[in-house]
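Structural overview for review
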Amino acid sequence: LFEVFDGLCDDFNVYKVETVGDCYVATVGVVTGEQHFMAVDAPTPNSPQSLLDSMANAKDLVSFAKAMVWGSRQVKKPVLDTPALLRVGLHTGSCISGIIGTRNFKFSLLGDDVTIAAAMEKTGVPDCIHASEDVVKLVPEERWEKCKVHEAAVQSVRSFLLSV
């Protein structure tokens, strides 16, 4: 299943951060630099160009998530011979990224927004994309359904579902 996801990364400007158990952690715009190449005259964080970059990243993220769900349907669970069911959680925001360790190096993402993304996945519905309101605002053209307000460890988050 992860081979299918790995194969989709380049199509959507996605960087695979890690797999943790059966969880696939990926990001758009943090590492690839595709939309956020900073030049001397780079846009300020609240500029129209920055908003367009964020919208492009969110669109790539949602498109990747949809492709993940479709791809998971092509993979059969051993013994049961039924399609793998996938929960996807999405959030957008800031994070700290970097290499952790001095012996076994590991690239990692840290921060409240990373925690919220994990909560979206954990409370998601199989074969749906569970996203925070922040993602939905950046990709409003999708057919989002209001879900509920989640009390994440760091803040309350209004969430939405997208059936795939």
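Overview of the structure. Predicted, not measured: the structure shown is a model, and the values here were computed from it. (Residues numbered from 1 in each chain as written. Predicted model: local features only at pLDDT ≥ 70, side-chain atom pairs only at ≥ 80, totals over all residues. Heavy atoms only, no water.)

Bridge count for strand S1 (residues 14-20) against strand S2 (residues 23-28) is six bridges, and the pairing is antiparallel. Looking at the pairing, Thr19 lines up with Tyr24 of S2. Remark: two residues form the turn of the hairpin made by S1 and S2, two consecutive strands paired antiparallel; Gly21 in that turn has positive phi of roughly 60°. (Pairing = 2+ DSSP bridges. Helix = DSSP H or I, 4+ residues; strand = E, 2+ residues; numbered from the N terminus.)

Turning our eyes to something else, we now look at the pattern of salt bridges. Working definition: two side chains of opposite charge can pair if their charged atoms are close together. Tallied over the full model, the rule gives six salt bridges. Between Lys16 and Asp6 there is a salt bridge, with the nearest N and O atoms lying 3.3 Å from each other. Residue Lys16 is found in strand S1, and its partner Asp6 is found in helix H1 (residues 2-8); the two are separated by 10 residues along the sequence. Taking relative accessible area as the criterion, Lys16 reaches 29% and is therefore assigned partly exposed. Residue classification places Asp6 among the partly exposed residues on the basis of a relative accessible area of 35%. The partner of Glu18 in a salt bridge is Lys106, and the shortest N-O contact between them spans 2.8 Å. (Salt bridge = Lys/Arg side-chain N within 4 Å of Asp/Glu carboxyl O. Buried < 20%, exposed > 50% of the residue type's maximum accessible area, 1.4 Å probe, protein only.)

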